[in-house]
Every structure is written in structure tokens, then in C-alpha cells.
Amino acid sequence: MKKLYLLGMAAALACPYTLAEGTAPAQNKEAFISDLLSRMTLDEKIGQLRLISIGPDMTHEQIRKEIAAGRIGGTFNSVTRPENRPMQDAAMNSRLKIPMFFAYDVIHGQRTIFPIGLGLASSWDMDAIAVSARTAAREAAADSLDMTFGPMVDISRDPRWGRSSEGFGEDTYLVSRIAKVMVQGYQGKDVSAPDSIMAAVKHFALYGGVEGGRDYNTVDMSPTRMYQDYLPPYRAALDAGAGGVMVALNSINGVPATSNTWLMQDLLRRDWGFKGLTVSDHGAILELVKHGVARDGREAAKLAIRAGIDLSMNDMVYGKELPGLVKAGEVPESQIDSAVREVLATKYDLGLFADPYRRLGKAADDPQDVNAESRLHRQDARAVARRSMVLLKNAKDTLPLKKAGTIALVGPLADAPIDMMGSWSAAGQPTQSITLLRGLRDAVGNQAQVLYAKGANVTNDRNSLAFLNRIIFDRTEVEVDPRTPQAMIDEALKAAANADVIVAAVGESRGMSHESASRTTLDIPAPQRALLTALRATGKPLVIVLMNGRPLSLVRETEQADALLETWFTGTEGGHAIADVLFGDYNPSGKLPVTFPRSVGQVPMYYSHLTIGRPFTPGKAGNYTSQYFDEDTTPLFPFGYGLSYTTFDVSDVHLSSARLKRGDTLKASVTVRNTGKRDGETVVQLYLHDVAASMARPIKELKNFEKVFLKAGERKEVTFNLTEEDLKFYNTQLQYAAEAGDFDVQIGLDSQDVKQARFELL
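Everything quoted here is computed from the prediction, not taken from an experiment. Residue numbers here run from 1 along each chain, matching the order of that chain's written sequence. Local features are withheld for residues below a pLDDT of 70 in this predicted model, meaning they are given only at 70 or higher, and side-chain atom pairs are given and counted only at 80 or more; totals for whole chains, interfaces and linings count all residues. By convention in this description, side-chain values take in all heavy atoms of the structure and omit both hydrogens and water.

Student: Teacher, can you tell me more about the overall build of the chain here?
Tutor: The way it works is that DSSP assigns letters per residue, a run of H or I at least four long becomes a helix, a run of E at least two long becomes a strand, and they are numbered from the N terminus. When helices and strands are counted, the chain shows 23 helices and 27 strands. On the principal axes, the C-alpha backbone points of the chain span a range of 80 × 65 × 50 Å. For every residue, the accessible area (1.4 Å probe, protein chains only) is compared with the maximum for its type, and the residue is labelled buried under 20%, exposed over 50%, or partly exposed between those bounds. The buried share of the chain, reckoned over its 762 residues, is 60%. Here, two residues are considered to be in contact whenever any of their heavy atoms come within 4.5 Å of each other. Nonlocal contacts in the chain, meaning residues at least 24 apart in sequence, comprise 77% of its contacts between residues at least 6 apart.

Quick look at the structure:
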């Protein structure tokens, strides 16, 4: 039997390295890759480590020549079959016929755009999030893509950071849960399947902790905070099977992630046992020179390959510098081999050696129109989007609106198809996104009249406009109405005078919550604030619909609004989904995955801060306590907060025991009751507080949650199981353990509105 196996392998390996379907069984993977590696020249090996961006720096013809010569391993930013097939054809004409792979930033949808990350997280609904990821994978694979640089699981506690919009918020537990679901959605049951793509989790590591919320800035963080708060979501994604890791652009305690051997070797490879592919961020290897840790490109390439960066994204340093470094003995060829092995293993796992055209298919089967309406999944997008919205205020039951009378819809984001999609919207087309104006008009039909006025520009600041209109591929993102601000407000007031209710769509353009779009203020821009003030003065009911990619400072807006709905950027079906909520066809159930501060001066503000010796107690004198004397110290809206068109009540916490032995399970239960007149959903949240430990611990930490649907008047018992594992933390020696003592269990409908009980860990 052994002889037959060797003969079979010899026959396969004597041929080009693309195998017939089904002839590359998993048990032969290592032997297959080892033999292929042994046949590669040094230049061919280095070629596999180059990930090239499709763009003006290199024409399609040049790229095909490079591929055919074995000098490119993969590309990104080419997103259709007709674009990618010629490149795969070129790979099949290379000496060893090693297939290409094609990657893209599929963050919250490919063609059908779902809500941005903060929106998805606001659903607290793992099934809905899974639908978004699986749909994105199917659409991306149908476009010939093999890999996404996602999910983005950076913990963010400073909303000044523009990339807050891409992630899932401030909480370690919630983001870790979502990371797992996203990876499983992208990769499916089998990452080699034609409708699955590989996940490359990003940005490893700690990118959300940049100082001052300023993108690309440094990160200086204690080891305990790293391990306790910021690292777990990456680990959760890898434990879920993510095949790749995209490396962060920031430095960590002075050492850039791209050259950080502790991060890439000791932590990722040794401690976590990661065996997959590592990818630099865009141009990050050459940026080691600007970081000040490399003298030139040659040293940058040496530092990156030694640290364990397999793929060099969109810079020429590996191709230019590695051959000389190997020949000079400064980089052993074994380090090159290790990186190439990971690239080849990724292509093997993706099924590309078995069939290089697995996701490309046949040219005859290419869609005639890549943007065809039939390629979208609108029903799923609408269902997920309406679950992502958070009702922040609803005085005197202003919402839901009636489909009758006259509605004045005003605001610069009321009819903004580009902004509906949010940042990094992949191959989504603005012409296919449903604006709020269309959503409202489709919803009311002939039953009501919708009057529209823009009312204000998103911003009138020239510097901001110049920045926003070059942030995304140097195209006009923000259209500026040339009328005076007062003329626009007058038009809005005219519409409001003839209406029964005003709906104002305000917030940020999508470019304001984007990579490199950090802000020093969290205010809604001035022209929109002036519009809201004028609308409030009419005395008409005012519903503010927020569109934004970060928590905003909304003290005045909350006072002005009769109802306040956080919609984030809701995607392709956003207008319809928002209308569903505004008219009560869907009862909002979202909860905030981030804390909303009252002002930027409170930042960073997050619910799970450490206990301190002089805490401020709301309602008591603040002298010599940790507070701001010139503003309320509490958040405007706490983590986990969100209203409904019905009301819910949570009973006292019942514990199955007052003591928990290690290895046992303790049950914590509450009865949740729908006390209103409408059916609805809410999220029951469980928090823990370690009362006395060997180091200061958070005042509370989310440890579990359950989304429950209750008919009007219905009640349900919700039970959570607690074990020693839920009580563990990283101590000052970075030991992960639970310490004996008292723990407070807090269960409620947000991080502040909780009922409490106490037990002891023995």
C-alpha cells in the first residue's frame, strides 16, 4: 500500500502543480507542499510573498507578465471574474503553474451592503450577523474572490478614531462573540467550498488603542490590559478557524507590529499555535523606515521576514531586497521557505491547487452585468439592517409614526445614497442603495405625503470638504449645495410648516467615519446643528434619525428631539429598513455596543473601567472624587442601552447557590416581562464584578446575554450558567485564573439598569 501511495504522489508531483478535482487529499498536504517547495527557485519563492494591488502603479499587462514569470503570489482590489481570470491564466502559463489567489476588503458585504460593524454589533443578534457574513462570502466568491481582509475586531474605546465604524465596539466579550460568528460565516463549513472565502482577521494587534484616537498613531499599553481587554477578539477569530491575519500599522510599546517578533512569533505562533498566513497592511513593511526602526528598505524587509510577515502587501521591498539578503547570508533561505509554505498552504486550503478556477468558473458563465439587481440579497439586507438600529429616545410615544397626513423629511443625509453604504462598502453600488427619502415614500405610498428639503450641507468647512472628497479614491463624496445656509433652512422650514411631523436625517457623511478620518470633536457639524435648532423652534414633533459611524456628542440634540433613532450606516436596504422602524412595521430591539459620551472631553469613556479609590457616585457631592466638575460625569447613553416601542421589566436575580465550587456550575435567573402593549424583543445582559481581587478589576464586565422575544404581557425566565471560566482574568503575572472570593452578578437591560445578587467562589 505504501508503494502505491508513493507512486501516486510521484506521478502527481511530476506534473504541474494544479491537480485534478479531488486528487489532493488532506493527508497529502504537507508532502505536496514540501515537494513543490523543493522545486522552486529562490525568485519563485519570493514571488509567492508578493501581494500586489491592482492600480496605476502596474498595468494589467505588466501584472500578467510578472505572474507568468512566477513573481506574484496574489492580488487585491480586482473584484470581477473578467479582471481575475486573465491573471489566473497567466499563472497557469508559469513554470510551476502555482495558482493565484484574489483578495479584497469585504467588511460588511460585497455587493449587497449590510450595516457597518457598529450597526451589526448593535443587533446583539448572532444569527443576523451570521447571515451578513455568509451572504458576503457567497457574493464575494461569485465574483472570484478567495479571501477577505476581515473581520475587523479591534477594540475601540475612543470614538475620535475614524475606524470605529468598521469594528464592533468597546466590549471584549461582545466583540469576541461576533468575531467567531463572522469567521464561520465567511469560511462556511469548508473554506475550500466554491461559495466560501478565507478570513484574515485584522488588525493584529491593538490598533483600536491608538493614542488620541488618531489613526496610525502609537499604542502604549500594559500587558494586563492587552491580554484582558484587547487581545481576546483576535484569539476568538483564530480559534474559530480564521486562516489569515492582517498585521496592524501601529507600533506596540515602541515596536511596530510589522517588525514585532514578540507579537508575531512568541504570541501568535508559539503561545497561540497559529499555523496560517500573515499579511502586512498596505505598504507597512517599507513604513518601518518612517517608524524609525529600519535604515532603509533592505533593513525593513529583513526585519519583517524575520518577524514572520509572510505576504508583503503593495510594496516592492520583498521582491527587491530579499534575493540580496539571502545571498548575503543576512536572511536564511529557511525563513523564506517558512513564509512560502504558509502561502502555499493557504492556496491548498482554498482548493486552488485542486481547481485554480474554483471561484472563477467558466467565462461563458460570467454575469453579463456584474451589478445586476438579481445578484443582490435585498431581503436579508433589510432584515439585518432593521435589527441594527437603536432607539435612544421616544418621548410621549412620538414613534411609531402614522402612515397618514404630511411628513417633512429634511437633512443632508435624507437622500444620500453613497452615505447609506458606510465606509469600505466593497463592490456595493450607490445607485442600488435605498435612501431614507425613497424608503419613506415607498412605505406610505398614497396614504401620506412626504415633503423633502435638504436643509443644510453635511458641513461647510472647506478643509473638511477637501479632505472628504479625496479620502475615497479621489472622487466627490460630499455634494455641496451652493445656496446660503439660511436659504436652505428657509426651505426646510417651509416644508415643516406644511407637515404634521418632522423627520431630520443628520450626522456624518460616511467619509467622516473612515480610515484616516479621525476627529477632534464628536459634535454634529455646525450647519446641521443650526438646522435642528430652527426645526425645534417650529414646535412640530421632531424625530432625529442619526447616520454616523461613531458615538457622537448629542446632549443638545437629545433635548431637542421628541424621538432619537440611531441607524448608523445601514447599507443597501437602509431606507426601507429605517422606514420599517419609524412606522412600527418593526419594533426596534438594538442595543448600543459602545458608550455615548456627553462630550469629547470625557473620552475615553467605556463602561468596564477599573475600580478606583475615589469613585464618583451620582447624586452625591463630587468633591475629591474622580469627576469632571464642569459637566455630568455619567455617559449620555450607556453601553447596552436601547429602547423599544414596548416596555420590559426584569425581576430580582435568583441564584441557584450562594457558593460556587470550582468545576461546578451556578445558575443565575431572572424573569423578564413585556409590560407594554406591543410585541417586542430585548437583550437580557449579564455582568460580573469581582469584589476583591489581587489587582483592581472592572466595575463590571459583560459575560453573557440573550435576545428574547415576548408578546405583550408575556413573561419568560432567562437563565445563565456561570462557571469558574467566567471568573478568570489575567493577573499581574499574566496568569489566567479565577481567584476565590465574592462576585456580584448583575442582570438587566443595559449596563446601568441592572438587578444584583452576590455569590462566593470557593
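Student: Honestly, helix H20 (residues 485–497) in this entry has me stumped. Any pointers?
Tutor: Because each turn of an α-helix spans 3.6 residues, side chains separated by three or four positions end up pointing in the same direction. What a helix should span is 1.5 Å times the count of its residues minus one. With 13 residues, H20 should cover 18 Å at 1.5 Å per step; its first-to-last C-alpha distance of 18 Å lies within 8% of that length. Considered for burial, the residues of H20 that qualify are Met-488, Ile-489, Ala-492, Ala-495 and Ala-496. Looking down the long axis of H20, one finds its buried residues gathered within 115 degrees of arc, a one-sided arrangement. Of the exposed residues in H20, the ones pointing more than 90 degrees away from its buried face are Lys-494 and Ala-497. The directions from the helix axis to the C-beta atoms form the arc being described.

Student: I keep staring at the sheet that holds strand S26 (residues 741–748) and nothing clicks. Help me out?
Tutor: Backbone hydrogen bonds are what pair the strands of a sheet, in a parallel or an antiparallel way. Two strands make a pair as long as DSSP finds a minimum of two bridges between them. With mixed pairing, five strands are arranged side by side in an open sheet as S19-S27-S26-S21-S22. Two strands in the sheet have a free side with no partner beyond their single neighbour: strand S19 (659–660) and strand S22 (701–710). Taken together, the six bridges between strand S21 (residues 680–690) and S26 define a ladder with antiparallel strand orientation. Bridge pairing in S26 places Gln-685 opposite Gly-748.

Student: Where do I start with helix H7 (residues 126–142) in this structure?
Tutor: An ideal rise of 1.5 Å per residue puts 24 Å on 17 residues; H7 measures up with 24 Å between its terminal C-alpha atoms. In terms of residue burial, H7 counts as a mostly covered element, since 12 of its 17 residues are buried. Of all the residues in H7, the buried ones are Met-126, Ala-128, Ile-129, Ser-132, Ala-133, Arg-134, Thr-135, Ala-136, Ala-137, Glu-139, Ala-140 and Ala-141. Counted as a polar contact is a pair of N or O atoms within 3.5 Å, where, for protein atoms, one must be capable of donating a hydrogen and the other of accepting one, and residues adjacent in sequence contribute only when both atoms are in side chains. Its side-chain oxygen placed 3.0 Å from the backbone nitrogen of Asp-127, Asp-125 serves as the N-cap of H7. Once H7 finishes, Ser-144 follows within two positions and takes phi at roughly 85 degrees, a positive value.

Student: What's the story with the environment of Lys-700 in this structure? I'm lost.
Tutor: Mapped onto the elements, Lys-700 comes out in the loop between S21 and S22. Sequence spacing of Lys-700 and Arg-483 is 217 residues, and the spatial spacing of their C-alpha atoms is 51 Å. Those residues within four positions of Lys-700 in sequence are excluded, and the remaining contacts are Tyr-607, Ser-608, Tyr-687, Leu-688, His-689, Gln-746, Ser-751, Gln-752 and Val-754. A distance of 2.8 Å separates a polar atom in the side chain of Lys-700 from a polar atom in the side chain of Gln-746.

Student: Would you mind showing me how to read the UniProt feature "domain: Fibronectin type III-like" (unreviewed entry) in the chain here?
Tutor: With numbering aligned to this structure, UniProt lists the feature "domain: Fibronectin type III-like" (unreviewed entry) at residues 682–751. Segment residues 682–751 splits into 0% helix and 56% strand. End C-alpha atoms: 14 Å apart. UniProt positions are given in the numbering used here, feature names are shortened, and annotations may be inferred rather than shown by experiment.

Student: How should I be thinking about the packing of aromatic side chains in this particular structure?
Tutor: To describe a pair of aromatic rings, one takes the distance between the centres and the angle between the planes. When two rings of Phe, Tyr or Trp (its six-membered ring) have centres within 6.5 Å they constitute a pair, described as stacked for plane angles under 30 degrees, edge-to-face for angles over 60, and tilted for the intermediate range. The full count for this structure, using the stated rule, is 18 aromatic pairs. On the basis of an interplanar angle of 75 degrees and a centroid distance of 5.0 Å, the ring pair of Trp-124 and Phe-705 is categorised as edge-to-face. Remark: Phe-705 occurs in strand S22 and Trp-124 occurs in the loop between helix H6 (117–123) and H7; sequence separation between them is 581 residues. Taken together, the ring pairs in this structure connect Trp-124, Tyr-173, Tyr-607, Phe-639, Tyr-687 and Phe-705 into an aromatic cluster. Note on geometry: a ring has a charge over it if NZ (lysine) or CZ (arginine) is within 6 Å of the ring centre and within 35 degrees of the ring normal. In this arrangement the basic side chain of Arg-157 is found over the ring face of Tyr-606, its NZ or CZ atom lying 4.3 Å from the centre. Sitting over the ring of Phe-729, Arg-697 keeps its end group 4.1 Å from the ring centre.

Student: I'm lost on the pattern of salt bridges in this one. Help?
Tutor: Oppositely charged side chains are able to pair whenever their charged atoms sit close together. Here, a salt bridge means any side-chain nitrogen of Lys or Arg that lies within 4 Å of a carboxyl oxygen of Asp or Glu. Per the stated rule, a full pass over the model turns up 50 salt bridges. For Arg-341, the salt bridge is made with Glu-30, and the minimal N-O distance between the two is 3.7 Å. Of the two residues, Arg-341 sits in helix H15 (residues 333–349) while Glu-30 sits in helix H2 (residues 29–39), which places them 311 residues apart along the sequence. A residue is classified by how much of its surface remains accessible, and Arg-341, at 27% relative accessible area, is partly exposed. Across the pair Glu-44 and Arg-95 runs a salt bridge, and its minimum N-O distance is 2.7 Å. Of this pair, Glu-44 sits in helix H3 (residues 42–47) while Arg-95 sits in the loop between helix H5 (81–92) and strand S3 (101–104); the two residues are 51 residues apart in sequence, bridging distant segments of the chain. Judged by its relative accessible area of 11%, Glu-44 falls in the buried class. Through salt bridges with shared partners, a single network forms among Lys-45, Glu-333 and Asp-337.

Student: When you look at the environment of Glu-211 in this model, what are you seeing that I'm missing?
Tutor: Tracing the sequence through the fold places Glu-211 in the loop between strand S5 (198–204) and helix H9 (223–230). Judged by its relative accessible area of 41%, Glu-211 falls in the partly exposed class. Each C-alpha atom, one on Glu-211 and one on Ser-513, is 17 Å from the other, the two residues being 302 residues apart in sequence. Those residues in contact with Glu-211, other than ones at most four positions away along the chain, are Asn-217, Thr-218 and Asp-220.

Student: Could you clarify how one ought to interpret the side chain of Asn-587 in this entry?
Tutor: Assignment of secondary structure puts Asn-587 in the loop between helix H23 (574–582) and strand S17 (648–650). By relative accessible area, which is 10% here, Asn-587 ends up buried. Engagement of the side chain of Asn-587 in a polar contact is seen with the side chain of Ser-644, the distance being 3.0 Å. For Asn-587, the side chain forms a polar contact with the main-chain oxygen of Asp-679, separated by 2.8 Å. Residues within four places of Asn-587 in sequence aside, it is in contact with Ser-644, Tyr-645, Thr-646, Arg-678, Asp-679 and Gly-680.

Student: Is there a simple way to explain the packing of H7 against helix H8 (residues 172–187) in this structure?
Tutor: If you want to describe how two helices pack, look at the angle between their axes and the distance between the axes. Contact pair H7 / H8: the axes reach a minimum separation of 7 Å and the direction vectors enclose 35 degrees. Once H7 is placed against H8, the crossing between them reads as right-handed. Residues Met-126, Ile-129, Ala-130, Ser-132, Ala-133, Arg-134, Ala-136 and Ala-137 of H7 lie in contact with H8, whose contacting residues are Leu-174, Arg-177, Ile-178, Val-181, Met-182, Gly-185, Tyr-186 and Gln-187. Counted by class, the contact of H7 with H8 contains 11 nonpolar, three polar and two charged residues. Angular values range over 0 to 180 degrees, each being the angle between N-to-C directions of two axes fitted as lines to C-alpha atoms, with helices fitted over their stretch in contact. For any pair of crossing helices, the crossing counts as left-handed if the nearer helix is rotated counterclockwise from the farther one by less than a right angle, and right-handed if it is rotated clockwise. Classes in brief: Ala, Val, Leu, Ile, Met, Phe, Trp, Tyr, Cys and Pro nonpolar; Asp, Glu, Lys and Arg charged; the others, Gly included, polar.

Student: Hey, could you run me through the sheet that holds strand S11 (residues 390–394) in this one?
Tutor: Within the open sheet, the six strands sit side by side as S11-S16-S15-S14-S12-S13. Their pairing is mixed. Two strands close off the open sheet at either side, each with one partner strand: S11 and strand S13 (449–453). For this sheet the average axis-to-axis angle between neighbouring strands, irrespective of direction, equals 20 degrees. The pairing of strand S12 (residues 406–410) with S13 spans five bridges and is classified as parallel.

Student: Looking at this structure, I do not really get the nonpolar core. What am I missing?
Tutor: Residues Phe-149 and Phe-204 are the most contacted members of the largest nonpolar core, which totals 130 residues. Beyond its immediate sequence surroundings of up to four residues, Phe-149 is in contact with Leu-51, Phe-76, Ala-103, Tyr-104, Asp-105, Ile-107, Ala-200, Lys-202, Met-246, Val-279 and Met-313. We call a set of buried Ala, Val, Leu, Ile, Met, Phe, Trp, Tyr and Cys residues a nonpolar core when their side-chain atoms join them within 4.5 Å. Ranked by size, the runner-up nonpolar core spans 74 residues in total, among them Ile-489, Val-503, Leu-546 and Ala-579.

Student: Explain the environment of Ala-426 to me, please; I cannot follow it from the model alone.
Tutor: Turning to its location among the elements, Ala-426 is positioned in the loop between helix H17 (417–421) and helix H18 (436–444). We classify Ala-426 as buried; its relative accessible area is 18%. Along the primary structure Ala-426 and Val-106 are separated by 320 residues, whereas in three dimensions their C-alpha atoms are 5.6 Å apart. Excluding residues that lie within four positions of it along the chain, Ala-426 makes contacts with Tyr-104, Asp-105, Gly-109 and Gln-110.

Student: I would appreciate a short explanation of unusual backbone geometry in the present structure.
Tutor: What you tend to see is this: most non-glycine residues have negative phi, and most peptide bonds are trans. Residue Pro-151 is reached from Gly-150 by a cis peptide bond, and omega for that bond is 5 degrees. By secondary structure assignment, the location of Pro-151 is in the loop between strand S4 (147–148) and H8. Cis geometry is found at the peptide bond from Leu-399 to Pro-400, where omega equals 0 degrees. Within the element layout of this structure, Pro-400 appears in the loop between S11 and S12. The backbone of Asp-397 sits at a positive phi, close to 50 degrees, despite the residue not being glycine. Exposure remark for Asp-397: the relative accessible area of 62% places this residue in the exposed category.

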